[in-house]
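If you want the building blocks of each chain, they are given just below.
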Amino acid sequence: MNPVALLGDEAFTAFGQHVIYSDLIGNVIGLAGLALGWRRSVLTWPVQVLAGAVLVCAYYQAQLAGGVGKQLLVVAVALWGWWQWRRGNRTAEDGAITVRFATPRERGVLLAGTVLGTLVVGGLFTLAPKLSWNPWPDAYIFVGTLAAMTAQARGLVEFWFAWLLVDVVGVPLAFSSGLPFSGLVYVLYLGLVLWGMRSWWLRTRSAAPAVSLPRDSAVEGVRP
């Protein structure tokens, strides 16, 4: 039997929502990737790539071109983040990535990029309804996810704030759309986000000297 085709089969029913294997597997892998991000492990990236690949296969099998395109972008950003975390001398003594807060300029660029990206993607989804059933919230969540992954790739604590803002919309949207299982998954994400935010924030308060980085990386960190 084709394993890709199996991703579109129903795994179980919860709260009246039919949960397919791709949704279940993709979310479980995604939760694992976020947990690894909290641990500052470079393994967070291949896990995120795998989660995206599962959803690419599922959307392709379901002939949902919009979903395939969105997940391919997520996979591309995850591959870039993986490369970022592996390049240069960027790891702390415990073998994990070092983290820091963004500079005011970086925060401005991240915020402006998120707002502009949401406007562009939301406009595209509105013009092409087949790409999204709920254009503007979907665009916000999609662009916010890319922004969070970009901040994570740079080792910025703001990564967690970006995820928090995504969950603030994702949780009520899922429940109001009649998708309680998806809403509960977002609640689990929210718990990991708050935990990870605290962990990274405390990590930046270490008084140890910063690690040396490649000149062009523009990323600084502190040793734990």
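Parameters at a glance
- Residues numbered from 1 in each chain as written.
- Predicted model: local features only at pLDDT ≥ 70, side-chain atom pairs only at ≥ 80, totals over all residues.
- Heavy atoms only, no water.
- Core = buried A, V, L, I, M, F, W, Y, C linked by side-chain atoms within 4.5 Å.
- Buried < 20%, exposed > 50% of the residue type's maximum accessible area, 1.4 Å probe, protein only.
- Helix = DSSP H or I, 4+ residues; strand = E, 2+ residues; numbered from the N terminus.
- pLDDT = per-residue confidence, 0-100.
- Contact = heavy atoms within 4.5 Å.
- Patch = residues over 30% accessible without salt bridge, like charges linked within 9 Å, V, L, I, M, F, W, Y side chains within 5 Å.
- Areas by Shrake-Rupley, 256 points an atom, 1.4 Å probe, with all protein chains shown as cover.
- Salt bridge = Lys/Arg side-chain N within 4 Å of Asp/Glu carboxyl O.
- Polar contact = N/O pair within 3.5 Å; in protein donor to acceptor, adjacent residues only side chain to side chain.

Asks: What is the right way to look at the nonpolar core in this model?
Replies: Grouped together as the largest cluster of nonpolar side chains are 41 residues, with contacts concentrated most on Leu34, Phe159, Trp160, Trp163 and Trp200. Of all the elements in the fold, those that place two or more residues in this core are helix 2 (21-38), helix 3 (44-61), helix 4 (65-86), helix 5 (104-127), helix 6 (135-153), helix 7 (158-176) and helix 8 (180-204).

Asks: So what exactly am I meant to see when it comes to the confidence of the model for the chain here?
Replies: Interpretation of this model should avoid reading the predicted coordinates in detail wherever pLDDT is low. With 83% of its residues at a pLDDT of at least 70, the chain reaches an overall mean of 82. Considering each helix and strand of the chain separately, the mean pLDDT is smallest for helix 1 (residues 3-6), with a value of 67, and largest for helix 5, with 95. The low-confidence segment residues 207-224 (pLDDT under 50) makes 49 contacts with residues lying over four places distant or belonging to another chain.

Asks: Would you mind showing me how to read a nonpolar patch on the surface here?
Replies: Together, Phe15, Phe175, Leu184 and Val187 make up a nonpolar patch on the protein surface, roughly 380 Å² of accessible area in all. Along the polypeptide, Phe175 turns up in helix 7.

Asks: Would you take a moment to explain unusual backbone geometry for this structure?
Replies: Leaving glycine out, the prevailing phi sign among residues is negative, and the prevailing peptide bond configuration is trans. Positive phi is not limited to glycine here, since Arg40 has a value of about 60°. Topologically, Arg40 is positioned in the loop between helix 2 and helix 3. Here Arg40 falls in the buried class, since its relative accessible area comes to 3%.

Asks: When you look at the pattern of salt bridges in this model, what are you seeing that I'm missing?
Replies: Two side chains of opposite charge can pair, provided their charged atoms sit close to one another. Taken as a whole and judged by the stated rule, the model has three salt bridges. For the salt bridge of Lys70 with Asp138, the shortest nitrogen-to-oxygen distance reads 2.9 Å. Of the two residues, Lys70 is situated in helix 4 and Asp138 in helix 6; the sequence distance between them amounts to 68 residues. Owing to a relative accessible area of 17%, Lys70 belongs among the buried residues under this scheme. Residue Arg107 pairs with Glu158 through a salt bridge whose shortest N-O separation is 2.8 Å. Of the two residues, Arg107 is situated in helix 5 and Glu158 in helix 7; the sequence distance between them amounts to 51 residues. On the accessibility criterion, Arg107 (41% relative accessible area) is partly exposed. A relative accessible area of 11% means that Glu158 is categorised as buried.

Asks: Looking at this model, I keep getting lost on the side chain of Glu106. Mind explaining?
Replies: You can see Glu106 is positioned in helix 5. Residue class for Glu106 comes out buried when judged on its relative accessible area of 19%. There is a polar contact of 2.8 Å between the side chain of Glu106 and the backbone nitrogen of Thr103.

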